[in-house]
Every structure is written in structure tokens, then in C-alpha cells.
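Inside the fold
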Amino acid sequence: AILLHMTDGIIAFDKDGNIMIINPVAKELLNIENEKNFDQIFEKLDVEINKEAIMYLENWTSLEQKINIGEKNINIYFAPYKDENNLSSGVIAVVQDITEHVKLDNMRKEFVADVSHELKTPITSIIGYADTLQEGEYDRATQEKFLSVISSEGRRMADLVSDLLTLSRYDTNRVTGNITEFDLGELAKKCQEKLEIEIEKKHQEVECYVTADVPPIKADKNGIERVILNVLSNAVKYTPENGNIKIYVGFVYNDAYIKVIDNGIGIPKEDLGRVFERFYRVDKARSREMGGTGLGLSIAKEIIEQNKGSIDIKSEYGKGTEVVIRIPALKKEEEK
């Protein structure tokens, strides 16, 4: 019963390599069908493993083997087992599916590489311009131009570090937002006002529609404001001049929602499923040129989920994007 219900695969081979015991998980992970012994199994998997070395030279050989079978990453631990006279009688193989561990490890490596790259670019600019200023005498206009670049790149690094710290706090559940009761419609209009200068620069038409009977929500107001500002600023940033952006605030079932629809450049279908990944950019060159750390939507998702809500994105490349944020609303008896 234990072997049948284990999540790891178990195979016991006798000293001749014949299978004595095998559980269903091992058969599934290693695609074992009619193979009856050690050599047949590992020759089929194109893996060279010395059974005798495991049995008799356990201190001199590796007892672990990583293999790939299709899209799966499999780790196999080998150990000799001994009889009552302490003599080797065969080999036990423990088979584990480590696909998820490998995926997470690769994500960690990519994340470290992305952070390093994002920090290296502004650091290189700062050092380059600072060294140039030190090496020669320049007129006031040139000095101001160089210092402006240094200041801009310094702020870019500060924003990146700030966003990384925010994500770290959410990852470790160290965020203690100030939970208050507030009106989502009023907050949406406030966010629109904060971006008024950028909207006017691009001559965009932004309209905000609020359903009259949207109940208040109880959540981290500062966090929700940050999310709305991120979504709305993305809409402004990626919608061309004279474009249209519509904001709807309403109530459906038990959730208050805010929907932001633009007729901007949109997101390709193949990128849509990855927009919430950290540092993922649909158009890397254009995104960096327009500013931002590549962490905005990752932070938005963390904030919304922390407040028991959801955020979804629909988009059609070249036609526009729709972002819907849902947050549980207070029931009538809960309202003050």
C-alpha cells in the first residue's frame, strides 16, 4: 500500500539486475512497459549506469543521475541494499520528478540575470558620463547635459531597487497595507487626474464612467491606487496620440471592478500569457526607451491578489488592450 501510493517511483533490482519490486509511479516516470531488468530500462533511456559499481563501490561512484524524458526532468537516486550478512544483494532506485524544481531554478537564474542586466545598463551610463566629466573641461551646457543623464540613470536604478524591494516584501508576506474603506470610482478619477499632464501631451481622450450603485471596497487603498496608476499609465504610454482610453467602474456579483480599455498598440497573442512575469517585456527595445522597470504588472498582480482580487488582460495586437481589475466589495450589512 505504501509503495502504491508514494509520489516517488521505487524499483528494487536483485544482484542480477532483474526487477523484484516496482511501483506505478516508477513505470510512468521512466516509461517502463515490457522491460524486465536494469540494463533494458537504462539502455532504452540511453543512460550509462554501472550497476556493479553501485553495489560494490558505493563510496567510489556517483549514486545520483539526472535524465530528461520528453519534457520531464527526472532525478534517480541509486543505493545498494544488503542482506543479513551485510553483503550487497541488489540495487534500489528512487525516481523523482523534479521538472517543477528545475523550472523554478531556471526562473531564479533568469531573474538574477535580468536584475544584473537592468542594473548594469544605468551603471555603465553613470560611470561613462562621470569619467568624461572628470577627464576634461566642458562648457556649462555640456556639463548640465551630462549631469542630467547621470541623474536620470540614478533615478532609474532607484526605481528598480524600490520595485525589487516591493516584490520581495510581497514574496515574504511582509507587506502590511493600511486597510481602509473607500470608493473605487473616486479613486479611479483621482488616478486619471494624476496622469492629466501625460494625457494632454498626447492629446488623448480619456473618459471615466462610474455606475451609480457601486458599493465601497475595503482594501489597501495605497496599493490599489498604485495598481490603477500602473494600468492607466501603461494605457497612456502605449496608446498613440489622439487615441481613446475608457475607464469603467462597476459592480458584478460580489466584486467591484475597474476596466481600462484603450485603442493602443496591443499585445501579440504569444506574449499575452507572460505579461505578469517579472522583467518580461513585449518589445524590449521600445519598453526601455519609454522607461519603466519591467516589474509594474508583476507588482500589480501581487497587490491585487494580496487584496483577494484578480487582474486580467485581453488584447489584440494593433487594435488595443483591455485590463479588468476585480476586488471584493462590501455587502450592504458590512457598510458603515
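Below is a short write-up of the structure.

Rules used throughout
- Sequence order as written defines residue numbering, which begins from 1 separately in each chain.
- Given that the model is predicted, a residue must reach a pLDDT of at least 70 before its local features are reported, and side-chain atom pairs must reach 80 or more before they are shown or counted; all residues, however, enter totals for whole chains, interfaces and linings.
- Hydrogens are left out, water is left out, and the side-chain values use all remaining heavy atoms of the structure.
- The numbering of helices and of strands both runs from the N terminus, where a helix is a DSSP run of H or I of at least 4 residues and a strand a run of E of at least 2.
- Exposure categories follow from relative accessible area, calculated using a 1.4 Å probe and restricted to protein chains: below 20% of the type maximum is buried, above 50% is exposed, and the middle band is partly exposed.
- Charged-residue counts in this description rest on Lys and Arg as positive and Asp and Glu as negative, His and the chain ends being excluded.
- By convention in these notes, a salt bridge is any Lys or Arg side-chain nitrogen within 4 Å of a carboxyl oxygen on Asp or Glu.
- We call two residues in contact whenever any of their non-hydrogen atoms come within 4.5 Å of each other.
- Only C-alpha atoms enter the line fits that serve as axes; for helices the fit covers just the stretch in contact. Angles between N-to-C directions range over 0 to 180 degrees.
- Orientation labels follow simple angle bins: below 35 degrees gives roughly parallel, above 145 gives roughly antiparallel, 65 to 115 gives roughly perpendicular, and whatever is left gives oblique.
- Crossing handedness: left-handed means the near helix sits turned counterclockwise from the far one by under a right angle, and right-handed means the same turn made clockwise.
- Each residue is assigned to one class: nonpolar for Ala, Val, Leu, Ile, Met, Phe, Trp, Tyr, Cys and Pro, charged for Asp, Glu, Lys and Arg, and polar for all the others, Gly among them.
- Strands are treated as partners if at least two bridges between them are detected by DSSP.
- The set of buried Ala, Val, Leu, Ile, Met, Phe, Trp, Tyr and Cys residues whose side-chain atoms join them within 4.5 Å is what this entry labels a nonpolar core.
- Aromatic contacts are taken between Phe, Tyr and Trp rings whose centres are within 6.5 Å, Trp giving its six-membered ring; a plane angle under 30 degrees counts as stacked, one over 60 as edge-to-face, and the others as tilted.

Here we look at the side chain of aspartate 14
The residue aspartate 14 is located in strand S1 (residues 9–14) in this model. Notably, aspartate 14 is buried but unbridged: the nearest opposite-charge side chain belongs to lysine 51, and the N-O separation is 6.5 Å. Setting aside residues no more than four positions away along its own chain, aspartate 14 makes contact with Met20, Tyr81, Ser89 and Gly90.

Details of the packing of helix H6 (residues 140–171) against helix H12 (residues 296–306)
Remark: H6 packs on H12, axes separated minimally by 10 Å, with the N-to-C direction vectors making an angle of 30 degrees. By the criterion of interaxial angle, the relationship of H6 to H12 is roughly parallel. In this structure, the crossing between H6 and H12 has a hand that is left-handed. Residue-level inspection shows Asp163, Thr166, Leu167, Tyr170 and Asp171 of H6 in contact with H12, the latter providing Ser298, Ile299, Glu302, Ile303 and Gln306. When the residues that make up the contact of H6 with H12 are grouped by side-chain class, the tally is four nonpolar, three polar and three charged.

A closer look at the pairing of strand S9 (residues 244–252)
Bridge count for strand S7 (residues 205–210) against S9 is six bridges, and the pairing is parallel. Each bridged residue has a counterpart across the sheet, and for tyrosine 209 the counterpart in S9 is tyrosine 248. By the bridge criterion, eight bridges tie S9 to strand S10 (residues 255–262) in an arrangement that is antiparallel. The partner of glycine 250 across the bridge, within S10, is tyrosine 257.

Observations concerning the nonpolar core
Grouped together as the largest cluster of nonpolar side chains are 44 residues, with contacts concentrated most on Leu184, Ile224, Val227, Ile258 and Ile325. Per-element accounting of this core gives the leading share, seven residues, to helix H9 (residues 221–237). Once residues lying within four places of it in the same chain are set aside, the contact partners of isoleucine 258 are Leu184, Ala188, Ile228, Ile247, Tyr248, Val249, Val323, Val324 and Ile325. Grouped together as the second largest cluster of nonpolar side chains are 23 residues, Val25, Phe38, Val47 and Ile54 included.

Remarks on the pattern of salt bridges
Tallied over the full model, the rule gives 15 salt bridges. Among the ionic pairs, lysine 109 bridges to aspartate 105, the shortest N-O distance being 3.3 Å. Of the two residues, lysine 109 and aspartate 105 both sit in helix H5 (residues 99–135), four residues apart, roughly one turn of that helix. With its nearest N and O atoms 3.4 Å apart, the salt bridge here joins lysine 319 to glutamate 316. The network of salt bridges with shared partners includes Asp105, Arg108 and Lys109.

Here we look at the packing of aromatic side chains
By the definition in use, this model includes seven aromatic pairs. Here the aromatic rings of phenylalanine 13 and phenylalanine 38 are separated by 5.0 Å at their centres, their planes lie at 70 degrees, and the arrangement is edge-to-face. Remark: phenylalanine 38 occurs in helix H3 (residues 38–44) and phenylalanine 13 occurs in strand S1; sequence separation between them is 25 residues. Judged by relative accessible area, phenylalanine 13 falls into the buried class, the value being 0%. Given the relative accessible area of 1%, phenylalanine 38 is considered buried. Relative to phenylalanine 146, the ring of tyrosine 138 has its centre 5.7 Å away and its plane inclined at 55 degrees; by these criteria the two rings are tilted. On the basis of relative accessible area, tyrosine 138 is assigned to the partly exposed category, the value being 33%. Take phenylalanine 146: its relative accessible area is 14%, and that puts it in the buried class. Grouped by ring-pair contacts, the aromatic residues Phe13, Phe38, Phe42 and Phe78 constitute a single cluster.

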